[in-house]
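Each chain is listed here by its residues.
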Amino acid sequence: MHIKLIEMRLKRDCLATLGSALALCLAAPSFAATQEADESALDDLDKQLPPPVAIKVEPPGAVELRDAIRRIAVRPTDSYALTDAGYASLKLGDADAAFNFFTRAGNLQPSDARIKAGLASAMVRRENPFEALRLFDEAARMGASESGFAMDRAIAFDLLGNFERAQQDYQKARNYGQSDELIRRQALSL
C-alpha cells in the first residue's frame, strides 16, 4: 500500500512539474518576440547613427613642425620658423633634422641664445656631449635660461660620466617643471 501511495505522489509531482514547464514553454514565445522586437529597434538605431570617427592622435611636436614648415615655405630665411622647426623635430625625436634646422637658423642669427641652446640639445641627442656642453655654455653667456636646457645638459654630463654634475642639472630642471622623461632620466643617472 505504501508503494502505491508513493507512486501516486510521484505522478502528481511530475504532472505539476510538467505543468510548470508547459506554462514556461507557452510563455517563451512572447518573451522571444519581445526580445526580437528590442533587437530590431537597436538595429534601426545603429543604422541611423553615423559611423564612429577614428580619432587621429599626432605625436608631440607634429603640429608645431607642420606650422613651422609652412612658415619656412613662405619665407625660407625666417630664423624663428627654423628654430621652431628645430625644437619640434627634437620633440619628435629627429635629432638630425633638428640639427639641420638649428644650423640654418644659426647662420641667419648667430647671436641668438635660443638657437644655440637648441643646437646644443640636438648635439646631445646625436651623442656628442663635448660639443653640446660648449654650446650650452655659449647659450648661457648669451642669456638663455639654464633651467630651459638643464635636462639636456644633464644628459650630456651623464654621457661623460660626471653623474654628480648631472644630478645638479636634473634638480635644476625639476625646479623648472616636472615630466615623466625627466624623472626617468634622473633615476637612470642615479
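Here the structure is shown first, and the text comes after it.
What counts, and where the lines are drawn
Residues numbered from 1 in each chain as written. Predicted model: local features only at pLDDT ≥ 70, side-chain atom pairs only at ≥ 80, totals over all residues. Heavy atoms only, no water. Helix = DSSP H or I, 4+ residues; strand = E, 2+ residues; numbered from the N terminus. Buried < 20%, exposed > 50% of the residue type's maximum accessible area, 1.4 Å probe, protein only. Contact = heavy atoms within 4.5 Å. Areas by Shrake-Rupley, 256 points an atom, 1.4 Å probe, with all protein chains shown as cover. Expected span 1.5 Å × (residues − 1). Polar contact = N/O pair within 3.5 Å; in protein donor to acceptor, adjacent residues only side chain to side chain. Lys, Arg positive; Asp, Glu negative; His and termini not counted. Salt bridge = Lys/Arg side-chain N within 4 Å of Asp/Glu carboxyl O. Phe/Tyr/Trp six-rings, centres within 6.5 Å; stacked < 30°, edge-to-face > 60°. Axes fitted to C-alpha atoms, helices over the stretch in contact; angles between N-to-C directions. Parallel < 35°, antiparallel > 145°, perpendicular 65-115°, else oblique. Left-handed = near helix turned anticlockwise from the far one by under 90°. Nonpolar A, V, L, I, M, F, W, Y, C, P; charged D, E, K, R; others polar. Arc of directions from axis to C-beta.

## Quick word on the overall build of the protein
Looking only at helices and strands, the protein has 9 helices and 0 strands in total. Along its sequence from the N terminus, the protein presents helices and strands in the succession α-α-α-α-α-α-α-α-α. For the protein, buried positions account for 31% of its 190 residues. Within the protein, contacts between residues separated by at least 24 positions form 43% of all contacts whose residues are at least 6 apart in sequence. Just so you have it, the protein exposes about 13000 Å², and 60% of that area is on carbon and sulfur atoms.

## A look at helix 3 (residues 79-92)
With 14 residues, helix 3 should cover 20 Å at 1.5 Å per step; its first-to-last C-alpha distance of 20 Å lies within 8% of that length. Those residues of helix 3 not exposed but buried are Ser-79, Ala-81, Leu-82, Thr-83, Ala-85, Gly-86, Ala-88, Ser-89 and Leu-90. Among the residues of helix 3, the N-terminal cap falls to Asp-78, whose side-chain oxygen and the backbone nitrogen of Tyr-80 are separated by 3.1 Å. Following helix 3 by one or two positions, Gly-93 adopts a phi angle in the positive range, close to 85 degrees.

## Notes on the side chain of Asp-158
Tracing the chain through its elements places Asp-158 in helix 7 (residues 146-160). Although Asp-158 lies buried, it forms no salt bridge, and the closest oppositely charged side chain, Arg-185, sits 6.5 Å away as judged by the N-O distance. Within the structure, Asp-158 has its side chain in polar contact with the side chain of Tyr-170 (distance 2.6 Å). Beyond its immediate stretch of four places on either side in the chain, Asp-158 contacts Phe-163, Ala-166, Tyr-170, Arg-185 and Ser-189.

## Structural notes on unusual backbone geometry
A positive phi angle, near 60 degrees, is found at Glu-127, a position not held by glycine. In this structure, Glu-127 sits in the loop between helix 5 (113-125) and helix 6 (129-142). With a relative accessible area of 63%, Glu-127 lands in the exposed category.

## Focus: the packing of aromatic side chains
Scanning the entire structure with this criterion turns up 2 aromatic pairs. Here Tyr-87 and Phe-102 contribute two aromatic rings whose centre-to-centre distance is 5.0 Å and whose plane-to-plane angle is 80 degrees, an arrangement assigned as edge-to-face. Of this pair, Tyr-87 sits in helix 3 while Phe-102 sits in helix 4 (residues 95-108), placing them 15 residues apart in sequence. Ring plane angle 20 degrees and centroid distance 4.8 Å describe the contact between Phe-136 and Phe-149, whose orientation is recorded as stacked. Linking Phe-136 in helix 6 with Phe-149 in helix 7, this pair joins segments that are 13 residues apart in sequence.

## Observations regarding the packing of helix 8 (residues 163-176) against helix 9 (residues 180-189)
Where helix 8 contacts helix 9, the two axes come as close as 10 Å, and the packing angle between them is 160 degrees. Between helix 8 and helix 9, the angle falls in the class roughly antiparallel. Our pair here, helix 8 against helix 9, has a crossing hand that is left-handed. Contacts from Phe-163, Ala-166, Gln-167, Tyr-170, Gln-171, Ala-173 and Arg-174 in helix 8 reach Leu-182, Ile-183, Arg-185, Gln-186 and Ser-189 in helix 9. Residues belonging to the contact of helix 8 with helix 9 are distributed by class as follows: 6 nonpolar, 4 polar and 2 charged.

## Some points on helix 2 (residues 62-74)
End to end, helix 2 covers 19 Å across 13 residues, agreeing with the expected 18 Å (1.5 Å per residue, within 8%). When helix 2 is considered as a whole, its buried residues turn out to be Ala-62, Leu-65, Ala-68 and Ile-72. Summarising the axial view, the buried residues of helix 2 lie within an arc of 125 degrees, below the 170-degree limit, and thus occupy one face. Elements that come into contact with the buried residues of helix 2 comprise helix 3 and helix 4.

The quantities given are spatial measurements derived from coordinates; they are silent on function.
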